[in-house]
Each structure stands twice: as structure tokens, then as C-alpha cells.
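These are the residues of each chain, in order.
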Amino acid sequence: MRKWRWVASVSLSLIIAFFIIAAFIYTPEQEDKNQNQPPATEEAAETNQTDQEQNEPAEDPQEEMDTEESADTLSDGLRDVFTSVIESARHFLVKDDIQIVAVGDSLTQGVGDSTENGGYVGILEETFNSNKEAETINIANYGKRGNRTDQLLERLENEEISNSLRSADLVLLTIGANDVMKVVKNNFTSLNYQDFVREQKGYEERLHLIIQKVRALNQDAPIYLLGLYNPFDKYFNNIPELGQIMGDWNAISKRVIDNYDNATFIPIRDLFEGSEEELLWEEDNFHPNERGYKLMAERVLEYIREDIEQ
């Protein structure tokens, strides 16, 4: 009796093992393919292959050449569009041991940059480092998607960011777009111009606190605040005042910056006007794409050049 139980147990184990192995090596696609094809002898297979080669049209050398030329042309076009280096500043020489710190929202982080290279900050960094004769420059990037002025104020208490700002030779700042976006979200069903006006005072006060905090950490470094562009037309074309709203926000930002020494407002709104389809990220039509960030980097370089050039 025990012998039969042992035999049954071994048999069951073998059956289970068989199904486990079959699960790993079984490929339904291959079996279906084989079932749909009748068995053929080696001679028939060779004949079929020969017939197929005879039926295939010969490659046209001229067509192949045209294809290669088209690919080369396309590659050149893409290379021109997506190169991160600002060609006009390829031989730009940056002062030795200069430390640049960028803080802010998604525009500092580089959201929408298809190269995943850090947006305008990454383009500036690559441009500085494209000069083989110069030392490597690393820009500390503390951009965080979604940051509003109140959230950035809290992040400035972070020890890593504070220490970086203390040793900075130049500070780049992007903030404000998400403050506008908060108004949009909170009043989505009945959005009007006065909703934005009510939030302007709080935005102005918080922006003052941000600049004061940066200046308390570092009394000497130039501070550059990038302005806002208008990405809302595509979504809220029924609110013609949106253009005025973004203009108001930029005016507030410039007014705040003008209160501080060695602080500059960099306008970027004009870079995007009329070219939103080409310069905004197709995933959300809100953030810049590589082209948009490149224009931003070129504009920023125009403003900061005297502070960082040898």
C-alpha cells in the first residue's frame, strides 16, 4: 500500500514539474504560426526562398541615394532645432570659480524640455561648458514643479538651498506662474478679472519676502527674476483680460525687483507671443518646449553676460 502511495506521489510530482516547465518554454505565437504553415521539405523551402528573391524588385541606387540625402537633411534640421548649445556663445568664457544658483518653479526645473536637460538652466550650463578652454561650470538647480511663492518661501529654509545661496555669485529665479494658476483652479467655474486682482497684493508681499530672504543669505550676488509669459489663451480664450492679467503680474514682479539693489527683472513674455504653437510643450501647452527654453536661455544670457564673463 505504501509502495503505491509512493509511486502515485512521484508521478504527481513529475506531472506538476512538466506543466511548470511547459509554462516557461511554451510560446503560443510560435505554435500558431507553425500550425498555419504546412510542413515543407528543405527543397521546397529553398525553392520558395528563390522565388521570393526573384519576385522582389531590385533596389534603385538613385532612390537609395535620395533617401539617404533626405535623412541627412532631416537630421541636420533636427540637430539645429534641438541642440542645447547657444551657438552664438559657444566660445563664451565664464569667470573662474563662479557659482550660479537657480531656484523656483517648473521653469527652473525644466519641465517640458524634451532633452531632459534642465530647460533654460541646462542650456546655459551646456553653453558655458562647450568652450573646451574654460573650466567646467555647474549651475545648482533647485527648481520644483508646481511651486508658488508661499511654497518657495518655505523651501528657502532648506539647509542645502540656503547654503548654496550663501555661496552664490549669481542667482536666477522663476516664480509666479503657479500663483496665477491657483486663482484659475480656485475659480474655475466663474473665473473673472477681479479674482486675479484680489490675489495680487498677497503675491507682491510674498515676492518681497523671497527677495529679502535671498538678500539676507547673500548681500552681494546679483538676483535675476524671469518674468511670465501667457500660456492660458489656448484654454481660456473666452477671457480676453488674461493678457492684461499676465501684464499686471509682470508689472508687479518688476516693481518689486526695482526696490532692491543689484536685482534685475528679465522679460520673456514677448518671446512667446504669437508663437505658442511652436514654443510650448505639446503635452500640456503650458510649459516651454526645447525651442522655448532655448529662447529663454538666450534672453537670460543677454542680461547676465556682464556679471559672469571674463
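Rules and cut-offs
Residues numbered from 1 in each chain as written. Predicted model: local features only at pLDDT ≥ 70, side-chain atom pairs only at ≥ 80, totals over all residues. Heavy atoms only, no water. Pairing = 2+ DSSP bridges. Helix = DSSP H or I, 4+ residues; strand = E, 2+ residues; numbered from the N terminus. Axes fitted to C-alpha atoms, helices over the stretch in contact; angles between N-to-C directions. Contact = heavy atoms within 4.5 Å. pLDDT = per-residue confidence, 0-100. Left-handed = near helix turned anticlockwise from the far one by under 90°. Nonpolar A, V, L, I, M, F, W, Y, C, P; charged D, E, K, R; others polar. Buried < 20%, exposed > 50% of the residue type's maximum accessible area, 1.4 Å probe, protein only. Parallel < 35°, antiparallel > 145°, perpendicular 65-115°, else oblique. Salt bridge = Lys/Arg side-chain N within 4 Å of Asp/Glu carboxyl O. Expected span 1.5 Å × (residues − 1). Arc of directions from axis to C-beta.

## With respect to the sheet that holds strand β1 (residues 100-104)
Read across the sheet, five strands follow the order β2-β1-β3-β4-β5 without closing on themselves; strand pairing throughout is parallel. A single partner strand is all that each edge strand has here, and the edge strands are β2 (139-143) and β5 (263-266). Neighbouring strand axes in the sheet, compared pairwise and without regard to direction, differ in orientation by 15° on average. Sheet topology note: the strand β4 (residues 223-226)/β5 ladder contains four bridges and is parallel. Across the sheet, residue L226 finds its bridge partner in β5, namely I266. Sheet contacts for helix α10 (residues 193-217): β3 (170-174) and β4; angle to β4, the most-contacted strand, approximately 150°.

## With respect to the confidence of the model for the protein
When the pLDDT values of the protein are averaged, the result is 79; 71% of them are 70 or greater. Predicted confidence for residues 6-59 stays below pLDDT 50, and this span has two contacts to residues more than four positions away or in other chains. The low-confidence segment residues 63-78 (pLDDT under 50) makes two contacts with residues lying over four places distant or belonging to another chain.

## Quick word on the packing of helix α9 (residues 177-186) against α10
Here α9 crosses α10 at 150°, and the two axes come no closer than 10 Å. When the axes of α9 and α10 are compared, the crossing they make is right-handed. Of the residues in α10, those in contact with D179, V180, V183 and V184 of α9 are D195, F196, E199, Y203 and R206. Here the contact of α9 with α10 is composed, by residue class, of five nonpolar, no polar and four charged.

## With respect to the pairing of β1
Burial of β1 is extensive: five of the five residues sit out of reach of the surface. What you see with β1 is no split at all: I100, A102 and G104 on one side and V101 and V103 on the other are buried throughout. Summarising the sheet, β1 and β2 pair through five bridges and their orientation is parallel. When the sheet's bridge partners are listed, A102 is paired in β2 with N141. Inspection of the sheet shows β1 paired to β3 by five bridges, in the parallel sense. Across the sheet, residue G104 finds its bridge partner in β3, namely T174.

## Describing the packing of helix α6 (residues 119-129) against helix α14 (residues 290-308)
Two numbers describe a pair of packed helices, the interaxial angle and the distance between the axes. Interhelical geometry of α6 versus α14 gives an angle of 60° and a closest axis separation of 8 Å. Taken as axis vectors, α6 and α14 run oblique relative to one another. When the axes of α6 and α14 are compared, the crossing they make is right-handed. Here α6 contributes G119, Y120, I123, L124 and F128 to the contact with α14, which in turn contributes E290, Y293, K294, M296, A297, V300, L301, I304 and I308. Grouping the amino acids of the contact of α6 with α14 by side-chain chemistry returns 11 nonpolar, one polar and two charged.

## Describing the environment of F92
Following the sequence through the fold, F92 ends up in the loop between α4 (61-82) and β1. Separated by 36 residues in the primary sequence, F92 and F128 have C-alpha atoms spaced 6.3 Å apart. Once residues lying within four places of it in the same chain are set aside, the contact partners of F92 are F128, N131, L301, R305, I308 and E309.

## Quick look at the environment of V300
Along the chain, V300 turns up in helix α14. The exposure class of V300 is buried, given its relative accessible area of 0%. Along the chain, V300 and L225 lie 75 residues apart, while their C-alpha atoms are 9.7 Å from each other. Setting aside chain neighbours within four positions, we find V300 in contact with Y120, L124, L172, L226 and I266.

## Things to note about the pattern of salt bridges
One pass over the structure, following the stated rule, counts 10 salt bridges. With a closest N to O distance of 3.0 Å, D150 and R148 form a salt bridge. Between D270 and R299 there is a salt bridge, and its shortest N-O distance comes to 2.9 Å. In this pair, D270 is assigned in helix α12 (residues 269-272) and R299 in helix α14, connecting sequence segments 29 residues apart. Taken together, the shared-partner salt bridges in this structure form one network comprising D270, R299 and E302.

## As for helix α11 (residues 242-257)
Under the 1.5 Å per step criterion, the end-to-end length of α11 is 23 Å for 16 residues, consistent within 8% with the ideal 22 Å. All of the buried residues in α11 are L242, I245, M246, W249, N250, I252, S253, V256 and I257. Around the axis of α11, the buried residues are gathered within 155° of arc, so they sit on the same side. Those residues of α11 hidden inside the fold are in contact with α9, α10, β4, β5 and α12.

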